[in-house]
Amino acid sequence: MVKASNNTVLHVADVHKTFGGLHALADVDLAIEEGKTHAIIGPNGAGKSTLLNVIVGKLAPTRGTVVLDGEVLTGKSPHEINQMGVARVFQTPEIFPDLSVFDNVMAPAFAKRDGSFKINIFNSLQSEKDIAQEAEEIIVDFGLEPMINTHAGALSRGHKRRLELAMCLIQKPRILLLDEPTAGMSRHDTNTTIDLLKKIKSTGMTKIIIEHDMHVVFSLADKVSVLAQGRIIAEGSPDEIRANPKVKEAYLGESSE
Ligand code: ADP
Ligand code: MG
């Protein structure tokens, strides 16, 4: 079993998930380190989305636990897990189409203020003006400034994705989970997203990225875990993974895409 070290932010310990007779995840152990970008790759049906859903609390594991900074997440609701600092970017952007770009970025901030949250980022010391300034900075950083007053519903797909990332970042999550952040994007939009994610990386945020596109994985990841048929079959640096014959083999059966 992978032991959590002092640098471990998120520890997935001996996780299993079965659907009827199907072992979607088996013996999954992962230690996600502070400030690192950890990619989880694997062929279709490998269990990547299932693993993500177990981490965010959308699915209960059949066995095993997920621990964030020493606190067990398993058994908590997705909302509680989110409040504890686990933010997820969905495959389809979840934005408020009728609100402006600016109001979309501000929305998570106000949600945070309402109630007793563990990660109290927008605490009473931070005025609305400060939050607005922070929102503006993120919008500029993300190249969304020209659309700051545009209704989010009118944005291009690529810009919607960027907006969703901005909405996550303003929450200053402990860990950011990205589920195929470049799925369906053109090569140009993919490269822009890689640049943005590199920017986020330079802030020291810990990230898990689930990705099919090897170009994206090898541009961003510090460490790569390979899932195949629900099991981690290899783990290492991008270079080690690229050279691993087991990984090549796992991808060979994938000709239908
Ligand atoms: P990936 O994201 O790597 O493509 P998934 O995690 O979506 O893989 O799926 C892993 C396996 O679990 C697949 O065989 C899939 O059909 C099965 N599976 C996923 N979700 C469910 C579910 N809710 N009910 C039954 N089987 C599921
Ligand atoms: Mg999937």
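Our subject in this report is the structure included herewith. (Residues numbered from 1 in each chain as written. Chains lettered and ligands numbered in written order. Predicted model: local features only at pLDDT ≥ 70, side-chain atom pairs only at ≥ 80, totals over all residues. Heavy atoms only, no water.)

1. Details of the site of ligand 1
Alright, step 1. Close contacts around ligand 1 come from Phe-19, Leu-22, Ala-24, Pro-43, Asn-44, Gly-45, Ala-46, Gly-47, Lys-48, Ser-49 and Thr-50, and that covers them all.
Alright, step 2. Within the backbone of Gly-45, an N or O atom sits 2.7 Å from an oxygen atom of ligand 1.
Alright, step 3. In the complex, the protein chains occlude 57% of the 560 Å² of accessible area that ligand 1 would expose alone.
Alright, step 4. The leading source of residues in the shell around ligand 1 is helix H1 (residues 48–56), at three residues.
Alright, step 5. Residues belonging to the shell around ligand 1 are distributed by class as follows: five nonpolar, five polar and one charged. (Near = heavy atom within 4 Å. Polar contact = N/O pair within 3.5 Å; in protein donor to acceptor, adjacent residues only side chain to side chain. Areas by Shrake-Rupley, 256 points an atom, 1.4 Å probe, with all protein chains shown as cover. Helix = DSSP H or I, 4+ residues; strand = E, 2+ residues; numbered from the N terminus. Nonpolar A, V, L, I, M, F, W, Y, C, P; charged D, E, K, R; others polar.)

2. Focus: the sheet that holds strand S2 (residues 22–33)
Alright, step 1. Strand order across the open sheet formed by four strands is S2-S1-S4-S5, with antiparallel pairing between neighbours. Pairing within the sheet leaves two strands with one partner each, and these edge strands are S2 and strand S5 (71–72).
Alright, step 2. In this sheet, S2 lies alongside strand S1 (residues 8–19) in antiparallel orientation, the contact comprising eight bridges. Along S2, the bridge assignment pairs Leu-10 with Ile-32. (Pairing = 2+ DSSP bridges.)

3. A closer look at the packing of aromatic side chains
Alright, step 1. Overall, the coordinates contain zero aromatic pairs when judged by the stated rule.
Alright, step 2. Geometry around Phe-218 places Arg-242 over its ring, the cationic atom sitting 4.2 Å from the centre. (Phe/Tyr/Trp six-rings, centres within 6.5 Å; stacked < 30°, edge-to-face > 60°. Lys NZ or Arg CZ within 6 Å of the ring centre and 35° of its normal.)

4. Considering the layout of surface pockets
Alright, step 1. In this structure, the second largest pocket encloses a volume near 300 Å³.
Alright, step 2. Lining the second largest pocket we find 16 residues, and of these Ile-138, Leu-169, Ile-200, Thr-203 and Met-205 sit closest to its centre.
Alright, step 3. Contributions of two or more residues to the lining of the second largest pocket are made by helix H4 (128–141) and helix H6 (187–202).
Alright, step 4. Its residues assigned to classes, the lining of the second largest pocket comprises seven nonpolar, three polar and six charged. (1 Å grid on protein atoms, 1.4 Å probe; cavity = no way out; pocket = protein on both sides within 12 Å on 5 of 7 lines; lining within 4 Å. Points joined across faces, edges and corners; volume = space filled by probe spheres on them.)

5. Side note on a negative patch on the surface
Alright, step 1. Residues Glu-136, Glu-137, Asp-141 and Glu-145 make up a contiguous surface patch of negative charge.
Alright, step 2. In this fold, Glu-136 is placed in helix H4. (Patch = residues over 30% accessible without salt bridge, like charges linked within 9 Å, V, L, I, M, F, W, Y side chains within 5 Å. Salt bridge = Lys/Arg side-chain N within 4 Å of Asp/Glu carboxyl O. Lys, Arg positive; Asp, Glu negative; His and termini not counted. Charge placed at Lys NZ, Arg CZ, Asp CG, Glu CD.)

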